[in-house]
Amino acid sequence: MRWIGAGREAKDAEFLELVSGRTGHLYRSACLLTSGDTHYAEDLVQEALSRMYVLWRRSAFTGRGRIDNPAAYTHTVMVRIFLAQQRRRSSGERPSDVLPEPAGRDTDSTLRLTLLDALGRMPPKDRAVLVLRYWEDRSVEETAEAMRVSSGAVRTRTTRALNRLRALLGDSLAELAAR
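Residues numbered from 1 in each chain as written. Predicted model: local features only at pLDDT ≥ 70, side-chain atom pairs only at ≥ 80, totals over all residues. Heavy atoms only, no water.

1. Focus on the overall build of the protein
No. 1: Scanning the protein from terminus to terminus reveals 8 helices and 0 strands.
No. 2: Starting at the N terminus, the α and β elements of the protein follow one another as α-α-α-α-α-α-α-α.
No. 3: Contacts in the protein between residues far apart in sequence, at least 24 positions, make up 68% of those at least 6 positions apart.
No. 4: Roughly 11200 Å² of accessible area belongs to the protein as shown, and the carbon and sulfur atoms make up 51% of that amount. (Helix = DSSP H or I, 4+ residues; strand = E, 2+ residues; numbered from the N terminus. Contact = heavy atoms within 4.5 Å. Areas by Shrake-Rupley, 256 points an atom, 1.4 Å probe, with all protein chains shown as cover.)

Laid out in structure tokens, this is it:
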């Protein structure tokens, strides 16, 4: 008995299309969430996609309870995984201060490293709200849904996180951006 029918093959092809079209964007977002920890970012993307595949195979994208935007839902899953892992991480774990050099890209590397360093010194929820709001360009409501908090909490956390980021960067951001 063959367990994968024509319907399963079509679903798998649709899932592969989602993966091929969104993996790069997921990875870039994950790098920001993890403050440049590329290995952790890869793990986040892999975990999010594996969870999405399970949902995809269970027909969560075709029947009752349909998810209309699988790409956005995948980002939401990744952010929730990140926040859950941050709650469980040992306080003794510290990320490395040495980042690998990006291959072939040398433009704005100082600015990027400065921003990644500042994001790395912020609490995980602050990082998540800034990445969702300003990197992912999500609305307050979408961010609230992804983080499982109220819209008011997102607004408050965004304001506080931006103030913290400005305090961490000080005058260095203006100097770097002017170059």
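2. Some points on the side chain of arginine 127
No. 1: Tracing the backbone shows arginine 127 in helix α5 (residues 124-135).
No. 2: Here arginine 127 is buried and forms no salt bridge, its nearest opposite-charge partner aspartate 126 lying at an N-O distance of 8.4 Å.
No. 3: Polar side-chain contacts of arginine 127 include one of 3.4 Å to the side chain of serine 35.
No. 4: Once residues lying within four places of it in the same chain are set aside, the contact partners of arginine 127 are Leu32, Leu33, Thr34, Ser35, Phe82, Gln86, Leu119, Gly120 and Met122. (Buried < 20%, exposed > 50% of the residue type's maximum accessible area, 1.4 Å probe, protein only. Lys, Arg positive; Asp, Glu negative; His and termini not counted. Salt bridge = Lys/Arg side-chain N within 4 Å of Asp/Glu carboxyl O. Polar contact = N/O pair within 3.5 Å; in protein donor to acceptor, adjacent residues only side chain to side chain.)

3. Overview of the packing of aromatic side chains
Any two aromatic rings considered together are summarised by their centre-to-centre distance and by the angle between their planes.
No. 1: Within the structure shown, the criterion is met by 2 aromatic pairs.
No. 2: One residue, arginine 133, lies across the ring of tyrosine 134, its end atom 5.7 Å from the ring centre. (Phe/Tyr/Trp six-rings, centres within 6.5 Å; stacked < 30°, edge-to-face > 60°. Lys NZ or Arg CZ within 6 Å of the ring centre and 35° of its normal.)

4. Observations concerning the pattern of salt bridges
No. 1: Under the definition given, this model contains 5 salt bridges.
No. 2: Two residues, arginine 157 and aspartate 126, come together in a salt bridge whose shortest N-O distance is 2.7 Å. On the criterion of sequence distance, the pair formed by arginine 157 in helix α7 (residues 151-169) and aspartate 126 in helix α5 is long-range, its members being 31 residues apart.
No. 3: You can call aspartate 126 buried: its relative accessible area is 0%.
No. 4: One salt-bridge network, in which partners are shared between bridges, spans Asp126, Arg157 and Arg164.

5. Points about a positive patch on the surface
No. 1: Residues Arg87, Arg88, Lys125 and Arg148 make up a contiguous surface patch of positive charge.
No. 2: Structurally, lysine 125 is set in helix α5. (Patch = residues over 30% accessible without salt bridge, like charges linked within 9 Å, V, L, I, M, F, W, Y side chains within 5 Å. Charge placed at Lys NZ, Arg CZ, Asp CG, Glu CD.)

6. Some points on the packing of helix α6 (residues 140-147) against α7
No. 1: At a closest axis distance of 8 Å, the pairing of α6 and α7 adopts a crossing angle of 100 degrees. On the basis of the axis angle, α6 is roughly perpendicular to α7. Contacts between α6 and α7 involve Val140, Glu141, Thr143, Ala144 and Met147 from the former and Ser151, Val154, Arg155 and Arg157 from the latter.
No. 2: Per-class residue counts for the contact of α6 with α7 are 4 nonpolar, 2 polar and 3 charged. (Axes fitted to C-alpha atoms, helices over the stretch in contact; angles between N-to-C directions. Parallel < 35°, antiparallel > 145°, perpendicular 65-115°, else oblique. Nonpolar A, V, L, I, M, F, W, Y, C, P; charged D, E, K, R; others polar.)

7. Focus: unusual backbone geometry
No. 1: Non-glycine residue serine 35 carries a positive phi angle of around 60 degrees.
No. 2: Looking at the element boundaries, serine 35 is found in the loop between α1 (6-33) and α2 (38-57).
No. 3: Among the residues examined, serine 35 registers a relative accessible area of 13% and is labelled buried.

8. Brief notes about α6
No. 1: Buried residues of α6: Val140, Thr143, Ala144, Ala146 and Met147, and no others. End-on, the buried residues of α6 take up no more than an arc of 165 degrees, which puts them together on one face.
No. 2: Those residues of α6 hidden inside the fold are in contact with α3 (70-88), α5 and α7.
No. 3: Backbone geometry just after α6 places arginine 148 at a positive phi near 60 degrees. (Arc of directions from axis to C-beta.)

9. Considering the nonpolar core
No. 1: Core analysis: the largest hydrophobic core is formed by 40 residues, its most contacted members being Leu33, Leu44, Met78, Val79, Leu130 and Met147.
No. 2: Counting residues per element, the ones that place at least two in this core are α1, α2, α3, α4 (109-120), α5, α6 and α7.
No. 3: Other than its neighbours up to four places away in sequence, methionine 147 contacts Val79, Leu83, Lys125, Ala128, Val129, Leu132 and Arg157. (Core = buried A, V, L, I, M, F, W, Y, C linked by side-chain atoms within 4.5 Å.)

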